[in-house]
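Examination of the molecular architecture
Given next are the chains, with one letter for each unit.
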Amino acid sequence: MNPDTLSASPLGRSTPGSARYDPTLLFPIARVDTRAGLDLPQAAHGADIWNAYEMSWLSAKGKPVVAIGRFTVPMDSPCLIESKSLKLYLNSYNEERFEYADIVRQRLHTDLSRACGKPVHVEILSVRPAFELSCAPLRGTCIDDQDLEFEAVQTPQPDSLVLSEPAPFVREILVSELLKSNCPVTGQPDWASLQIRYAGPRIDHAGLLRYIVSLRRHQEFHELCVEKIYGEIMQRCAPEELLVYARYTRRGGLDINPWRASYQPTDIGQTRTLRQ
């Protein structure tokens, strides 16, 4: 992505917030810019699920209200939102009074949808019910315990993605906790749990793990990392069905959980992982 795309964003520099509600703090980034150079098969379905754990505003009587926000941004929205700008925008609610939580939800929906260029689904969740705050690992077979040798590499190694020998048709859900990439602006690490659901010729588990580990020094936004993983698995292994889902650890009170799929899944899963 062209660095000039982010030259005006608040990411990576000191940026004052606002003591009052301010939707102009949101900084959209065109997806076409982020996808420039990503010459890989693209998913037909997907979304970016954001969880905001540090949401607050005031009641009509001035008492603080706290909540968790969940924002689901369609994969095909013209823009994504730069994460620090979203944090600054949410902070601008802190001293505003609202009679009902639904007024906050409606305002969030309007502002986020306008910034993304497509309707964003907004939920406001209570911090009290235990089921909303439960943690569990991603469902699937973990491939991380393989006793393998790894070489230090500077760039992702899609050549590691191969089919097993023999390669019978299988339907598998594979999980790794070892995904790490880096912010393309600040260089800070981004950690994630990764789930891969596919149906097709059996993918070599050792090669898949080597590929995931090879992303360790890759610099890219969360959403594009998932699109890259999806595209390279599809290109190299040609499964009949494929879903890639990453749940990233939070930064600044926000976590981003993108998923991309060749089909419309019946369930994605919203449970936090243990590291979130």
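Residues numbered from 1 in each chain as written. Predicted model: local features only at pLDDT ≥ 70, side-chain atom pairs only at ≥ 80, totals over all residues. Heavy atoms only, no water.

The name given to the protein in an unreviewed UniProt entry is NADPH-dependent 7-cyano-7-deazaguanine reductase, with the source organism recorded as Castellaniella daejeonensis. Word for word, the UniProt comment on the protein under Pathway (unreviewed entry) is "tRNA modification; tRNA-queuosine biosynthesis." Regarding the protein, the relevant UniProt record gives this comment under Subunit (unreviewed entry): "Homodimer." (UniProt positions renumbered as here; feature names shortened; annotations may be inferred.)

A few points about the nonpolar core
With 28 residues, the main nonpolar core has Leu179, Leu208, Ile233 and Val244 as its most contacted residues. If you list the elements that add at least two residues to this core, you get strand 7 (169-182), strand 8 (189-201), helix 5 (205-214), helix 6 (222-237) and strand 9 (241-248). At 7 residues, the largest contribution of residues to this core is made by helix 6. Sequence-distant contacts of leucine 179, defined by excluding residues within four places in its chain, comprise Asp190, Trp191, Ala192, Leu194, Ile212, Leu215, Ile229, Ala246 and Tyr248. Grouped together as the second largest cluster of nonpolar side chains are 25 residues, Phe71, Leu88, Leu108 and Val122 included. (Core = buried A, V, L, I, M, F, W, Y, C linked by side-chain atoms within 4.5 Å. Buried < 20%, exposed > 50% of the residue type's maximum accessible area, 1.4 Å probe, protein only. Helix = DSSP H or I, 4+ residues; strand = E, 2+ residues; numbered from the N terminus. Contact = heavy atoms within 4.5 Å.)

Notes on the pairing of strand 9
Within strand 9, 7 of the 8 residues are buried, leaving the element largely enclosed by the surrounding structure. One ladder, built from 8 bridges, connects strand 8 with strand 9; its direction is antiparallel. Each residue of the ladder has a partner; that of serine 193, found in strand 9, is arginine 247. Note that strand 9 and strand 10 (residues 254-261) share 3 bridges and pair antiparallel. The partner of leucine 243 across the bridge, within strand 10, is alanine 261. From the end of strand 9 to the start of strand 10, which pair antiparallel, there are 5 residues, and glycine 252 there has a positive phi angle of about 60°. (Pairing = 2+ DSSP bridges.)

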